[in-house]
Amino acid sequence: MNNWGKSENIGALAAALCEVQSQMKPAAKDAVNPHFKSKYADLGSLWETCRELLGTHGLSIVQLPGGGEGVISLTTVLMHTSGEWISSDAQT
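Cut-offs and rules
Residues numbered from 1 in each chain as written. Predicted model: local features only at pLDDT ≥ 70, side-chain atom pairs only at ≥ 80, totals over all residues. Heavy atoms only, no water. Helix = DSSP H or I, 4+ residues; strand = E, 2+ residues; numbered from the N terminus. Rg over C-alpha atoms; globule rule 2.2 N^0.38 Å. Buried < 20%, exposed > 50% of the residue type's maximum accessible area, 1.4 Å probe, protein only. Contact = heavy atoms within 4.5 Å. Areas by Shrake-Rupley, 256 points an atom, 1.4 Å probe, with all protein chains shown as cover. Pairing = 2+ DSSP bridges.

As for the overall build of the protein
At step 1: Per the secondary structure count, the protein includes two helices and six strands.
At step 2: When its helices and strands are written in sequence order, the protein yields β-α-β-β-α-β-β-β.
At step 3: Its C-alpha atoms give the protein a radius of gyration of 16 Å, more than 25% over the compact-globule value 12 Å for 92 residues.
At step 4: Across its three principal directions, the C-alpha atoms of the protein cover 45 × 40 × 20 Å.
At step 5: For the protein, with 92 residues in total, the buried portion stands at 21%.
At step 6: At a minimum sequence separation of 6, the contacts of the protein that also span at least 24 residues come to 36%.
At step 7: Total accessible area on the protein stands at roughly 6700 Å², and carbon and sulfur atoms take up 59% of it.

Here it is, written out as structure tokens:
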């Protein structure tokens, strides 16, 4: 089963993502899991780490919920200002 897709070309998207990844710093581990007594980077910290870099390089992310007949799905799409995109689907 193929759970991903992409635009015909992804050269500009790939170049932009390469730039983002080369400049990205680790997210701050600013939350605590009391059960395991460990620190972790929560979603807010992760998003704060990547939001500006993604935008600077023309990248955006959208997540689209869906489903039906006992199935829940989430489609994540990484888009570039060139119109190029890649996507992935997760289902239960």
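Let us keep going from here.
Some remarks on the pairing of strand 6 (residues 85-91)
At step 1: In the sheet, strand 1 (residues 4-6) pairs with strand 6 via three bridges, with the strands oriented antiparallel. Following the sheet pairing, Gly 5 is matched in strand 6 by Ser 87.
At step 2: Where strand 5 (residues 71-80) folds back on strand 6, the antiparallel hairpin that results is connected by four residues, among which Gly 83 adopts a positive phi of roughly 100°.

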